[in-house]
Amino acid sequence: MQFPESWLREFCNPSLTTEQLAETLTMAGLEVEELSTVAPPFSQIVVGEIKEAVQHPNADRLRVCKVDVGQADWLDIVCGAPNARAGIRVPVALVGAELPPGEDGKPFLIKVGKLRGVESQGMLCSARELKLSEDHGGLLELALDAPLGQNIRQHLNLDDTLFTLKLTPNLAHCLSVYGVAREVAALTGAPLMAPGFPAVKTGSADQLPVKISAPDLCGRFSGRIVRNVNTRATTPQWMVDRLARCGQRSVTALVDISNYVMFELGRPSHIFDLDKIHGGLDVRWGKPGEQIKLLNGSTVSVDEKVGVIADQQQVESLAGIMGGDATAVSDDTQHVYLEAAFWWPKAIAGRSRRFNFATDAGHRFERGVDPSQTVEHIERITQLILDICGTDATVCGPVDDLKVNVPAAPAVTLRVARASKVIGMPLTQAQCADALARLGLPLTEGDGVITVMPPPYRFDLQIEEDLIEEVARMVGYNNLPQTPPLAPITAKIRTEAERSPFAVRRAIAALGYQETINFSFVEERWEHELAGNPNPIRLINPIASQMSVMRSSLLGSLLQVLKFNLDRKAQRVRVFELGRVFLRDASVKSTDTTVEGFHQPMRLSGMVCGSADALQWGRKEQGADFFDVKGDVEALLAPRQPVFEPAEYPAMHPGRCARVMLNGVAIGFVGELHPRWRQAYDLAQAPVMFELDLDAVLQRDVPAFKAVTKHQAVERDIAVMVDEKIGHAALMGAVWAAPTAGLLRDATLFDIYRPKPAKDPDGAPVPSQEKSMAVRLTLNSEEATLTEDQIDGAVQAVVNSLVNTLGARQRA
């Protein structure tokens, strides 16, 4: 909310500087987000009157003006403004004046000069040249009674300061200049100048029939007919200036009056063209299929959840949000109907956002507007209309006031001991009562308790904590004691067998991956297709239609990141995410860190696409494959040794997917993207991905001392023919299962050979059902150098284990 300081001080003028006033408001919860001046610095600019304006002898677009600035002699000033004419009063920059800086950031100095041979003793200024607005259509015309020679800053009150407040939703009573002034009076003790609302004289008994069909929408509706108004009247400059300094441009006199009262008193209102209303008005909920063209030019459809004001033929206004174009006032309007109502906040909240716009009226009504002042505010609006748009024939009808469902706030009790405990400082009952009384809250005192009857403009006072907050605001947040916490703080130390998530991030980043952070809300299609989750956890109020469910896998988010980068010509993408997933689990109970029925484990997931290595000269470029990513997973889990077994996962290729086992427990999957999803996402190369339980990755073996043998190791190679289906894991399992008396120290598969396929009688190749796998064995002993008999015995034990376990046969 923005307003000028001078307007605020008309209601309450404490003996504080601008900065002190801003600090007082901020420390009371009304955060002053910005202080800005109305106009930038400039000097020696005064009010002047053009006495003569004649054509320049040497230029068609220039005039030579005689200007009276209250001095003994008139000034000769050359001006090219189209509205430069005799009889108007304008800002005049005298010789030596300094205008606001231009685009180069340097101030503009006025000197005596010649324009096309004619001497100019100053400059006549536009609003744009003074940085007052962007209007550069001509000179800034001032009131004809502006004192000649008066400093323009004083005449236009340009040394005023604009306050911009950042108000929380519970401070709806401060959405007006008078509301803020009420707070200032309570905080500083300065007197509050309460506005008066004398009833205007009525000259007619005319009333417009009004019916409230929806008491849950509108609790009170006040209106008045005013006839024979001059809608072409000019809005006075003082009102235009105040509206501009509140961020509201001037429209027409009637619209400006309605907006002015809203900023002044916080009461949005609406003015109808009476002749355009068919019959009476009905305040009701909308009906499906009804449409209305609004004042902003848009046409919207309403339903039974949107409140409207309708006549006998059509909807004329969106209740509490915006009026309709059909009954808008225009220059031809003669008779008007003034409306001020109380709309229930819950009936207005969120409605304007349905139509993708927001209004000042809706912003106030959805937070709560005083229902007790509708008639008084009608009187205020009427008086301004009579003063600005009134004619000799203007007559006012009586105020028609309908009350059907006005809120009655229940009393709220404050316990002084409770307030002291919550605020954190000792407080007496007298202090609490004084703070609440300064706010104008009716109260009664008991033994250690204070009971408050919230006034109708305070919708935020509902429970005891609300009153405690008011006491704290009046005390001042800056006056609260700085008490250090007394609770013991115990550091949570990780065991040596567990590393931190940050260590995992550093480890995978060292492998060339880049971290991504994605929303936990994902598209439902991802859950069905990539995670095989037919019943994902749905959000009640998603922030977007494509973010409607909670993810049970990180792979969908990474695939979206991959696609985003590939579409922007990234050649090599290696990304990972460490985040939480959300699974249904009826066994989970509610605790401080869990929610009943939902398991929320942390996962580590990665995705690779493009070349295996960054561009280099040492080796040819080669695309990353399953084994590259498998090696990254092994590096992450080292020195623990995972086992990879064939498996299937919805997002992965059925023949190129493995389940990651660690100590016999499945901890995740690694594999290539399923061809179906590769085609669906239009990927030129199949990415390889993995997803692991973070808890398993965090665990690590504690290093243990082991002596280095003093004897030389021996290496032996063996090659065996095995079935084509035998994999590396099965082979290594059989090797290590051999009874070698502890001599086997290492085993490495270093070669796989497949014989050339034979041919059938027709000459077609017949694939071999066997392959050769060569293993290098490393043997050693702690006791002595191995003998040939020990070496041969250990090698033979390994061969026998392969034969007995896998049905292998040793190659000759």
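First things first, this report covers the structure right here in the doc.

The rules behind these values
- Note that residues are indexed from 1 along each chain, following the sequence as it is written.
- Totals for whole chains, interfaces and linings use all residues, but because this is a predicted model, local features are given only for residues with pLDDT of at least 70 and pairs of side-chain atoms are given and counted only at 80 or more.
- Water and hydrogen atoms were dropped before computing side-chain values, which therefore reflect all heavy atoms in the structure.
- Strands are runs of DSSP state E lasting at least two residues, helices are runs of H or I lasting at least four, and both sets are numbered from the N terminus onward.
- Among buried residues, those of type Ala, Val, Leu, Ile, Met, Phe, Trp, Tyr and Cys that are joined through side-chain atoms within 4.5 Å constitute a nonpolar core.
- Burial classes follow relative accessibility: with a 1.4 Å probe on protein chains only, a residue under 20% of its type's maximum area counts as buried, one over 50% as exposed, and anything between as partly exposed.
- The contact definition used throughout considers only heavy atoms, calling two residues in contact when any of these lie within 4.5 Å.
- At least two bridges found by DSSP between two strands are what make those strands a pair.
- Note on geometry: axes are C-alpha line fits, over the in-contact stretch for helices, and angles between N-to-C directions span 0 to 180 degrees.
- Pairing of aromatic rings covers Phe, Tyr and Trp, the last through its six-membered ring, and needs centres within 6.5 Å; plane angles under 30 degrees mean stacked, over 60 mean edge-to-face, and all others mean tilted.
- We call a charge positioned above a ring when the Lys NZ or Arg CZ atom is no farther than 6 Å from the ring centre and deviates by at most 35 degrees from the ring normal.

**Quick look at unusual backbone geometry**
- The omega torsion across Ala 638 and Pro 639 is 5°, close enough to zero to call that bond cis.
- Here Pro 639 shows up in the loop between helix H17 (626–637) and strand E35 (643–646).
- One non-glycine residue, Arg 116, adopts positive backbone phi at about 55°.
- We note that Lys 569 has phi near 70°; this positive angle belongs to a residue other than glycine.

**A closer look at the nonpolar core**
- Leu 25, Ile 385, Cys 389 and Leu 414 are the most contacted members of the largest nonpolar core, which totals 71 residues.
- The residues contacting Ile 385, other than those within four sequence positions of it, are Val 229, Leu 254, Ile 257, Ile 271, Leu 338 and Gly 390.

**Section: the sheet that holds strand E40 (residues 744–753)**
- Spatially, four strands are ordered E40-E43-E39-E44 in an open sheet, and the strand pairing comes out antiparallel. Every other strand in the sheet has two partners, leaving E40 and strand E44 (809–810) as the edge strands with one partner each.
- Of the pairings in the sheet, the one linking strand E39 (residues 714–723) to strand E43 (residues 770–779) comprises ten bridges and is antiparallel in character. What sits directly across from Met 721, in E43, is Ser 772.
- Contacting E39, E40 and E43, helix H20 (residues 728–736) runs over the sheet at an angle of about 145° to E40.
- Sitting on the sheet, helix H21 (residues 788–806) touches E39, E43 and E44, and the angle it makes with E39 is about 20°.

**Here we look at the packing of aromatic side chains**
- Counted according to the given criterion, the structure contains twelve aromatic pairs.
- With 5.2 Å between their ring centres and 70° between their planes, Phe 342 and Trp 344 make a pair best called edge-to-face.
- Summarising the aromatic geometry, the rings of Phe 626 and Phe 627 are spaced 5.4 Å apart at their centres and angled 90° between planes, so their arrangement reads as edge-to-face.
- Classification of Phe 627 by relative accessible area gives exposed; the value is 60%.
- Ring pairing ties together the aromatic residues Trp 7, Trp 238 and Tyr 260, which thus form one cluster.
- If you follow Arg 776 out to its NZ or CZ, it ends over the ring of Phe 750, 5.0 Å from the centre.

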